[in-house]
Amino acid sequence: MNNIDIPEDWKAVAGRTKQAAKICIVIGKIDSGKTTLCKFLIHKWTVSGIRVGYVDSDLGQSTLGPPATVGLKIFNTPPNQADYSNAFNLHFVGNISPEGFLLQTLHAVKIMVDKSLQRGSEITLIDTTGFVDGPAARILKLHNIELLHPQWIIALQAKDELEHLLKGYEKMDWQVVRLGCSKQAVIRSQTERQKYRIEKYKAYFKLARLIVEFF
Ligand SMILES: Nc1ncnc2c1ncn2[C@@H]1O[C@H](COP(=O)(O)OP(=O)(O)OP(=O)(O)O)[C@@H](O)[C@H]1O
Ligand SMILES: [Mg+2]
C-alpha cells in the first residue's frame, strides 16, 4: 500500500463504511482505479480487525484467478500482493465481458457474495468491471444492486461520467458515495489488457497437465 496515491476522500470513506457496511460495491469506468481502491479498503478494514470478503467480479482484468470467472477471497489480516494470487473460490462465467452474459455474471456474483456471508465476512466488498455505459451495463448494475442490497455504492469518477446511473440509485434511496479518481490512475492499452489476461491464464494453469482416459 506504500506506493499508491491515497486521496483524502478515500481515507474518509474507509472510516465511514467500516462502521455500517455489510456489503459494498465499487463502480467506475475502465482504469478509474476500482481495484486499487478495493485493495486500499481491504487493507484499512483488516488493519482494524474486520474480516473482509473480496468478490472480484471483473471478468476481463481479473484480480483473483483467471479471466471469465468471478472470484472470492476472505481476508482477516492485511494482504500483500501475493495473497491475491493464491487459494480462492471461483465461479466460471464463460466470457471476458458481461456483455451477452448478464445472467451468468449476476448468478456468479450472487453465489460468491452468499458464500462470503456464509463464511462470516463482516464486510463483503465487490469489485466490478468498467462496463458502465449503454443499456446492457445499466441493466446489469441495477440488477446487481437490487439483488445484493449493498449498504454502500462507492462510485469512482473523474468528473460526472457515472451520474446517469447514480441519480437513479439515489432516487431509490440507496446510499451512494462519490469519490474522485487518483491523478496516478493509468489508462492501459488494449494490448496491455490482453497481455494481462494471458498472464493470468498462464498463472492459473501453470500446473495443469493433460489427462488421457483409456476406455
Ligand atoms: N490511487 C492510485 N495510486 C497509484 N496508482 C493508481 C491509483 N489508482 C489507479 N492507479 C493505477 O492505474 C491503473 C488502473 O488502476 P486499477 O487497476 O485500480 O483500475 P480499475 O478501475 O480496477 O481498472 P479495470 O477497469 O481494468 O478493472 C493501475 O496501473 C493502477 O496501478
Ligand atoms: Mg479492476
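Residues numbered from 1 in each chain as written. Chains lettered and ligands numbered in written order. Predicted model: local features only at pLDDT ≥ 70, side-chain atom pairs only at ≥ 80, totals over all residues. Heavy atoms only, no water.

*Asks:* How would you explain the site of ligand 1 if you had to name every residue and give the values?
*Replies:* Surveying the vicinity of ligand 1 reveals 19 residues, the closest of which are Asp5, Lys34, Thr36, Asp58 and Arg193. Interatomic distance of 3.1 Å between a backbone N/O atom of Asp31 and an oxygen atom of ligand 1. Contact between ligand 1 and Ser32: an oxygen atom at 3.1 Å from a main-chain N or O atom of the residue. Protein burial of ligand 1: of its 620 Å² of free accessible surface, 86% is covered by the chains. Because more than half of its atoms lie within 2 Å of the grid, ligand 1 is assigned to the largest pocket. A total of three residues in the shell around ligand 1 trace back to one element, the largest contributor, which is helix H2 (residues 34–47). Its residues placed into classes, the shell around ligand 1 shows five nonpolar, seven polar and seven charged. (Near = heavy atom within 4 Å. Polar contact = N/O pair within 3.5 Å; in protein donor to acceptor, adjacent residues only side chain to side chain. Areas by Shrake-Rupley, 256 points an atom, 1.4 Å probe, with all protein chains shown as cover. 1 Å grid on protein atoms, 1.4 Å probe; cavity = no way out; pocket = protein on both sides within 12 Å on 5 of 7 lines; lining within 4 Å. Sits in = over half its atoms within 2 Å of the grid points. Helix = DSSP H or I, 4+ residues; strand = E, 2+ residues; numbered from the N terminus. Nonpolar A, V, L, I, M, F, W, Y, C, P; charged D, E, K, R; others polar.)

*Asks:* Kindly report on H2, identifying the contributing residues and their values.
*Replies:* Each α-helix winds once per 3.6 residues, and so residues spaced three or four apart point in a common direction. End to end, H2 covers 20 Å across 14 residues, agreeing with the expected 20 Å (1.5 Å per residue, within 8%). Taken residue by residue, H2 has Lys34, Leu37, Cys38, Lys39, Phe40, Leu41, Ile42, Trp45 and Thr46 as its buried positions. Once H2 ends, the next one or two residues include Gly49, with phi positive near 85 degrees. (Expected span 1.5 Å × (residues − 1). Buried < 20%, exposed > 50% of the residue type's maximum accessible area, 1.4 Å probe, protein only.)

*Asks:* Tell me what's going on with the pattern of salt bridges, and back it up with residues and numbers.
*Replies:* Side-chain pairs of opposite charge can arise where the charged atoms are in close proximity. Evaluation of the coordinates by the stated rule reveals nine salt bridges. Where Glu8 meets Lys11, a salt bridge forms, and the shortest distance between an N and an O atom there is 3.1 Å. Of the two residues, Glu8 and Lys11 both sit in helix H1 (residues 8–20), three residues apart, roughly one turn of that helix. Exposure remark for Lys11: the relative accessible area of 41% places this residue in the partly exposed category. Its salt-bridge partner being Lys195, residue Glu199 comes within 3.7 Å of it at the nearest N-O pair. Here Glu199 and its partner Lys195 are both found in helix H6 (residues 190–204), four residues apart, which amounts to about one turn of the helix. (Salt bridge = Lys/Arg side-chain N within 4 Å of Asp/Glu carboxyl O.)

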